[in-house]
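Inside the fold
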Amino acid sequence: MFDALSDRLQSALGDLRGRGTLDEEAISRAMREIRLALLEADVNFEVVKEFVAHVRERAVGQDVLKSLTPGQQVVKVVHDELTELMGAGASGLAFTSRPPTVILLAGLQGSGKTTAAAKLALLLRKEGRKPALVAADLQRPAAIDQLEQLGKQIQVPVYREDTSDPVAVVRDGLHAFADGGVDTVILDTAGRLHVDEALMAELERVRDEAKPTNVLLVLDAMTGQEAVNVALAFQERVAFDGVLMTKLDGDARGGAALSVKAVTGRPIKLISVGEKLDQLEYFHPDRMASRILGMGDVLTLIERAEAAVEEDEQKEMEARMLKGQFSFDDFLRSYKMLRRMGPLQGILKMIPGLGSQLDGLDDVDEKQLGRVEAVILSMTPLERGRPAVIDGSRRQRIAGGSGTTVEEVNRLLEARKQMEKIMKGVSRGKMPDLGALTGGVTPDMQQPRRKATKSNKKKKRTKSRR
Ligand SMILES: Nc1nc2c(ncn2[C@@H]2O[C@H](COP(=O)(O)OP(=O)(O)OP(=O)(O)O)[C@@H](O)[C@H]2O)c(=O)[nH]1
Ligand SMILES: [Mg+2]
């Protein structure tokens, strides 16, 4: 995500990071590079100007924390300003006390509305809500079938109707779901190639009928500044509460994500990071800033892990870790979990300090994971449970059995040891020491855990901790 921007900002700041003192010239140089990086990422010109001015002011100002070097200080300032730019304070969706909550999705053709509707339904269902979908895009004949198919996949009811009037579909759909135990209705609407009068007029009518609790504008991040212009045009006619930004998995440069809040005053609420239906996430500006600056995103990593891991599985792992054990069986299990969490590259980037080290590694070798599995599967149950018994001759046998080398086996043995060390720390309630990896600026510092943790997650966590 935003690889080029991320690289350039990190190299602009990398120079400052290690310095004990900062002079005017070093700061100016860094500011110039930050400015270029943002412009190249297609961030709105005015937004860039203001951003750099803020950072400079704070960087040379009195904003001093004793625990940081001046270089780290600037990194922190940039992090804070990026967070501010994208809308500090995560803002979720609004829910009515009297159901149903209605969420209207609007946007240009192909921006990702229909898939986003299904993704959002899935996300909400995982949170314990009872969502339903209404197919109010009557422009494209295939649109209704598309939504219906998606609804089937995620087992969420879809309302459809044979008519050419989207207002009627919305009215009847809301009526149909009124007493079916549905508490959240998501409306998929028609898109047009450009913002035009007909699109706006139809949307206004649909909005007036639905009286949505949330109007979300679906924007394609790949379209850069154009997305921001679209947002402005929509805002004039159909006020939206927030943005659902799609296609952040592609080579989007970041301009849209970084500008839209500043230009429209409306925050990004959700981001879609892939085509799969579970690839929709709430947007957290502070975490995104950390990711962009290569500081990792531990919180998202934890949440994804939780979502990917069955609860009993997690309990069992936690119990073992609390005892300070991390056998190769655990290792294998966590590898499998890792694979369920999504593409490896994306996950590794969320680990603080690792992101920038992955440069040049265009594709972390997924095959490597297969080799790891092979090595572990070539161990005897005794060896897996008590790795200490694995001596030289056993290593040779394992390497032979798995078609790998003794070096590879050694590396894996070492990795398990490291993992166990980290797990021991975590189980004692300590975060692993990330400071050393990130030049002193750890994600924790900017991200108080209580703020970023969803209340339902909290529930789940305390439950599984017992
Ligand atoms: N890579 C990627 N593709 C996406 C994402 N979101 C949507 N797409 C793809 O974008 C294409 C268009 O998505 P739709 O959901 O049909 O878009 P739409 O806004 O409903 O389009 P219309 O109904 O024609 O207005 C599909 O091929 C989706 O798979 C995303 O986050 N990442
Ligand atoms: Mg559609």
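Please read all numbers here as calculations on a predicted model, not as lab measurements.

As for the pairing of strand β6 (residues 242–246)
- Burial within β6 is extensive, with five of its five residues counted as buried.
- Of the two faces of β6, the one holding G242, L244 and T246 and the one holding V243 and M245 are both buried throughout.
- By the bridge criterion, five bridges tie strand β5 (residues 214–220) to β6 in an arrangement that is parallel. Within β6, the residue paired with L216 across the bridge is G242.
- Taking the sense of rotation as the criterion, the β-α-β connection linking β5, helix α9 (residues 225–237) and β6 turns out right-handed.
- As judged from the three bridges shared by β6 and strand β7 (residues 268–272), these two strands associate in the parallel manner. Bridging from a neighbouring strand, L244 pairs with L270 of β7.
- Between the parallel pair β6 and β7, the chain is carried across by helix α10 (residues 255–264), and the sense of this crossover is right-handed.

A few points about the site of ligand 1
- Around ligand 1, the structure places 18 residues, and the nearest of them are K113, T114, T115, D249 and S272.
- Between ligand 1 and T114, the relevant distance is 2.7 Å, taken from an oxygen atom to a side-chain nitrogen or oxygen of the residue.
- Interatomic distance of 2.5 Å between a side-chain N/O atom of S272 and an oxygen atom of ligand 1.
- Considering ligand 1 on its own, with 650 Å² of exposed area, one finds that the protein chains cover 81% of that surface.
- Looking at the shell around ligand 1 residue by residue, the classes come out as one nonpolar, ten polar and seven charged.

Examining the pattern of salt bridges
- Scanning the model with the defined rule gives 19 salt bridges in all.
- D220 serves as the salt-bridge partner of K247, at 3.5 Å between the closest nitrogen and oxygen. Here the residue K247 occupies a position in the loop between β6 and α10, and D220 occupies one in strand β5, the gap between them amounting to 27 residues.
- According to the relative accessible area criterion, D220 is buried, its value standing at 13%.
- Via salt bridges that share partners, R58, D80 and E81 belong to a single interconnected network.

Digging into the packing of aromatic side chains
- Applying the stated criterion to the full structure yields one aromatic pair.
- Ring geometry for Y159 versus F177: centroids 6.4 Å apart, planes at 80°, classification edge-to-face. Residue Y159 is found in strand β3 (residues 158–159), and its partner F177 is found in the loop between α7 (166–176) and β4 (184–189); the two are separated by 18 residues along the sequence.
- Look at Y159 and you get buried, because its relative accessible area is 17%.

Some words on the confidence of the model for the chain
- Averaged over the chain, the pLDDT score is 79; the fraction of residues at 70 or greater is 75%.
- Long-range and interchain partners of residues 430–466, a stretch whose pLDDT sits below 50, account for 66 contacts in this model, where long-range means more than four residues apart.

Quick word on the sheet that holds strand β8 (residues 280–282)
- Pairing within the open sheet is mixed, and its eight strands lie in the order β3-β2-β4-β1-β5-β6-β7-β8. The sheet terminates laterally at β3 and β8, the two strands that pair on one side only.
- Sheet topology note: the strand β2 (residues 131–136)/β3 ladder contains two bridges and is parallel. Note that in β3 the partner of V134 across the bridge is Y159.
- Sheet strands touched by α10: β5, β6 and β7. Its angle to β6, the strand with the most contacts, is close to 175°.

Brief notes about the environment of V273
- Structurally, V273 is set in the loop between β7 and β8.
- Sequence separation between V273 and L248 is 25 residues; the distance between their C-alpha atoms is 5.0 Å.
- Not counting residues within four places of it along the chain, the set of residues in contact with V273 comprises M1, L248, D249, Q279 and E281.

Procedures and definitions
Residues numbered from 1 in each chain as written. Chains lettered and ligands numbered in written order. Predicted model: local features only at pLDDT ≥ 70, side-chain atom pairs only at ≥ 80, totals over all residues. Heavy atoms only, no water. Buried < 20%, exposed > 50% of the residue type's maximum accessible area, 1.4 Å probe, protein only. Helix = DSSP H or I, 4+ residues; strand = E, 2+ residues; numbered from the N terminus. Pairing = 2+ DSSP bridges. Right-handed = clockwise from strand over helix to strand, strands pointing away. Near = heavy atom within 4 Å. Polar contact = N/O pair within 3.5 Å; in protein donor to acceptor, adjacent residues only side chain to side chain. Areas by Shrake-Rupley, 256 points an atom, 1.4 Å probe, with all protein chains shown as cover. Nonpolar A, V, L, I, M, F, W, Y, C, P; charged D, E, K, R; others polar. Salt bridge = Lys/Arg side-chain N within 4 Å of Asp/Glu carboxyl O. Phe/Tyr/Trp six-rings, centres within 6.5 Å; stacked < 30°, edge-to-face > 60°. pLDDT = per-residue confidence, 0-100. Contact = heavy atoms within 4.5 Å. Axes fitted to C-alpha atoms, helices over the stretch in contact; angles between N-to-C directions.

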